[in-house]
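# Report on the structure
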Amino acid sequence: MVSFITPWTLGWIAGTAWQLQQAQLWEIAFYGGLGLGALCGVVCTAYMRDRLPMHARWLAWFVVALGLALAQTGVRACWYAAQAINPALEGQSLRVEGVVSHMPQRMDDSVRFRLEVTSAWSTSGERVDLPPNILLGWYGPRVGADASLSPDYLPPANLRAGDRWRLQVKLKAPHGHINPHGFDYELWLWEQGLQATGYVRNTAKDQPPQWLGATWQHPVERARQATRAAIDAQVDDRATAGIVAALLVGDQAAIERADWDVFRATGVAHLMAISGLHITGLAWCAALVVGWLWRRSDVWSSRKPWSLWLPAPMAASACAALVALAYAVFTGWGVPAQRTVWMLTVVTLLRGYGLRWPLLHVWLTVCTVVLALDPWALMQAGFWLSFVAVGVLFASGSHAPVSAAHLPASVWASAQRMWREQWLMSVCLAPLTLLLFHQVSVVGLFAN
């Protein structure tokens, strides 16, 4: 099984990259035929694997993986493109009904939120088709506008994920600046599945927004929003509350711009994103607690020790993977979080089956899984920084455990190894950081 992992993963990565670099999509029928042909190639290669020489087998796995990745990325891109807003509806006043699907982002006098559209009408009452997810802004009264505007038109203070609303909006196709080296807003909208942006019309001539009640949809986002509201209520300083919210629920938009400038200048901006450091630490703590309880189950449980039917290391690893998955989903399921979850899942499965893969195979497998679930991740800076950082850690050598018998020496050796790894990370990631962000922090090594 291990023999085909390297060519398969490299082929999948190459196929995804090839599709993402195309200037124009092909017809969806072509992608369907390509995928069908690649599946036939998988069956033929598996059937003839013992008859083919090693280099021919590797080439076959690489080609079929490349074809499958190219086909599935192209089909998904065509499907997304087919959901684009009708140009005839841009700029029109539309009546939309839908559910708030994500935690709203509140500014001083406005709020931005994603709406999962369930139905839409034109001003004449005719049903129209809109993209399934849109990004809306709800603004307060303009400067110089009528101050007697009804509160029904103002952004509500308790706009929550899972609430159903009926709103009058104006929409347009996603557009972003094309400044070199700037943030690609249009690409970000595409990755998020947002095929239209707009704003809620709230003048006296428009129908007032109507709250249609709360639903049980999007419970994770409701929990994230409730946690953020509790942080805002307990922490008086807004800047501090934003940092705490970013670390607990992954709400990076809560961090103020001045704080982001400080984090970038000191090279610790990556610590404000929920990544492997946070998730692995939480999973490690969960594994320690579960392993300790599992080994002592005969003390506090009247039944036979649980280790008789499931070894304690396996139970600890499985619990750690589940905790990592739950926390990654709760914090927004970013690319670094996905990488960590799939890394832990692969390691847990390998341990369960008694297998030991080379670290390169684990690294490539997780990379392929992330791209299979989210091909657009290859266009994100977080993807490259995350996987290059893990690759550097894998290549830096083994990580020996701390010995209780020689604790001072082990702690000193661990400190030396940590300094070496941080130095390698800083040096190896500096060119990538310079390429992606056009800046490198000279104090980042010491700050980290």
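Before reading further, recall that the structure is shown in the block above.
Now for a look at the structure at hand. Because the structure is predicted, anything quoted here is derived from the model rather than measured. (Residues numbered from 1 in each chain as written. Predicted model: local features only at pLDDT ≥ 70, side-chain atom pairs only at ≥ 80, totals over all residues. Heavy atoms only, no water.)

## Considering a nonpolar patch on the surface
Residues Trp-419, Trp-423, Val-427, Val-442, Val-443 and Phe-446 make up a contiguous nonpolar surface patch of roughly 690 Å² in combined accessible area. Sorting elements by how many residues they give to the nonpolar patch places helix H14 (residues 407-437) first, with three residues. Following the sequence through the fold, Val-427 ends up in helix H14. (Patch = residues over 30% accessible without salt bridge, like charges linked within 9 Å, V, L, I, M, F, W, Y side chains within 5 Å. Areas by Shrake-Rupley, 256 points an atom, 1.4 Å probe, with all protein chains shown as cover. Salt bridge = Lys/Arg side-chain N within 4 Å of Asp/Glu carboxyl O. Helix = DSSP H or I, 4+ residues; strand = E, 2+ residues; numbered from the N terminus.)

## Focus on the pairing of strand E1 (residues 93-100)
With eight of eight residues buried, E1 lies mostly within the body of the structure. Where E1 meets strand E5 (residues 163-172), seven bridges bridge the pair, whose relative direction is antiparallel. Directly across from Val-99, in E5, lies its bridge partner Arg-164. With six bridges connecting them, E1 and strand E3 (residues 110-121) associate as antiparallel partners. Directly across from Arg-95, in E3, lies its bridge partner Trp-121. (Buried < 20%, exposed > 50% of the residue type's maximum accessible area, 1.4 Å probe, protein only. Pairing = 2+ DSSP bridges.)

## Details of helix H6 (residues 238-249)
Counted at 1.5 Å a residue, the expected span for H6 with its 12 residues is 16 Å, and the 16 Å between its end C-alpha atoms agrees. Of the surrounding elements, those touching the buried residues of H6 are helix H5 (219-234), helix H7 (257-266) and helix H10 (312-330). Taken from the residues just after H6, Gly-250 is the one with a positive phi, measuring 75°. (Expected span 1.5 Å × (residues − 1). Contact = heavy atoms within 4.5 Å.)

## As for the environment of Thr-45
Mapped onto the secondary structure, Thr-45 falls in helix H2 (residues 28-47). A relative accessible area of 6% places Thr-45 in the buried class.

## Quick look at unusual backbone geometry
In this model, His-218 sits at a positive phi of 55°, which is unusual for a non-glycine residue. Mapped onto the elements of the fold, His-218 is located in the loop between strand E7 (210-214) and H5. Phi is positive for Trp-333, close to 60°, though the residue is something other than glycine. In this structure, Trp-333 sits in the loop between H10 and helix H11 (335-352). Its relative accessible area of 28% is what places Trp-333 among the partly exposed residues.

## Structural notes on the state of the cysteines
Throughout the structure, instances matching the rule amount to zero disulfides. This cysteine, Cys-285, is not joined by any disulfide, and Cys-319 carries the nearest cysteine sulfur, 11 Å off. Between Cys-428, a cysteine without a disulfide, and Cys-367, which holds the nearest cysteine sulfur, the sulfur-to-sulfur distance is 18 Å. With a relative accessible area of 37%, Cys-428 lands in the partly exposed category. (Disulfide = S-S within 2.5 Å.)

## Points about the pattern of salt bridges
Using the criterion set out here, one finds nine salt bridges in the structure. Measuring nitrogen to oxygen at the nearest pair gives 3.7 Å for the salt bridge that ties Asp-261 to Arg-264. Of this pair, Asp-261 and Arg-264 both sit in helix H7, separated by three residues, roughly a single helical turn.

## A look at the nonpolar core
Trp-8, Val-362, Val-366, Leu-371 and Phe-383 are the most contacted members of the largest nonpolar core, which has 30 residues in total. At the level of elements, helix H1 (5-20), helix H3 (54-82), H11, helix H12 (359-373) and helix H13 (381-395) are the ones that each hand at least two residues to this core. Per-element tally for this core: the top contributor is H3, with seven residues. Not counting residues up to four positions away in its chain, the partners in contact with Val-362 are Met-343, Val-346, Leu-350 and Trp-357. One finds Leu-89, Val-111, Leu-115 and Ala-120 within the second-largest nonpolar core, a separate group that totals 23 residues. (Core = buried A, V, L, I, M, F, W, Y, C linked by side-chain atoms within 4.5 Å.)

## A word on H13
Because each turn of an α-helix spans 3.6 residues, side chains separated by three or four positions in sequence point in the same direction. With 15 residues, H13 extends 21 Å from end C-alpha to end C-alpha; this agrees with the ideal 21 Å at 1.5 Å per step. Within the span of H13, buried status applies to Phe-383, Ser-386, Phe-387, Ala-389, Val-390 and Val-392.

## As for the side chain of Ser-110
With respect to the element layout, Ser-110 can be found in strand E3. A relative accessible area of 6% places Ser-110 in the buried class. Those residues in contact with Ser-110 that lie beyond four places of it in its chain are Gln-105, Trp-138, Tyr-139 and Pro-155.

## Details of the pairing of strand E4 (residues 133-139)
Look at any regular strand and the pattern is simple: side chains alternate between the two faces of the sheet. Among the seven residues of E4, five are classified as buried, and the element is accordingly described as predominantly covered. Pairing analysis gives seven bridges linking E3 to E4, with the strands arranged antiparallel. For Phe-113, the partnering residue across the bridge sits in E4 and is Leu-136. Across three bridges, the pairing between E4 and strand E6 (residues 197-200) is parallel. Bridging across to E6, Gly-137 finds its partner in Tyr-199.

## Re the packing of H2 against H3
Remark: H2 packs on H3, axes separated minimally by 8 Å, with the N-to-C direction vectors making an angle of 155°. The orientation of H2 with respect to H3, classified from their angle, is roughly antiparallel. Between H2 and H3 the crossing geometry is left-handed. Residues Ile-28, Tyr-31, Gly-32, Leu-34, Gly-35, Ala-38, Leu-39, Gly-41, Val-42, Thr-45 and Ala-46 of H2 pack against Ala-60, Trp-61, Val-64, Gly-67, Leu-68, Leu-70, Ala-71, Gly-74, Val-75 and Cys-78 of H3. Tallied by class, the residues present in the contact of H2 with H3 amount to 15 nonpolar, six polar and no charged. (Axes fitted to C-alpha atoms, helices over the stretch in contact; angles between N-to-C directions. Parallel < 35°, antiparallel > 145°, perpendicular 65-115°, else oblique. Left-handed = near helix turned anticlockwise from the far one by under 90°. Nonpolar A, V, L, I, M, F, W, Y, C, P; charged D, E, K, R; others polar.)

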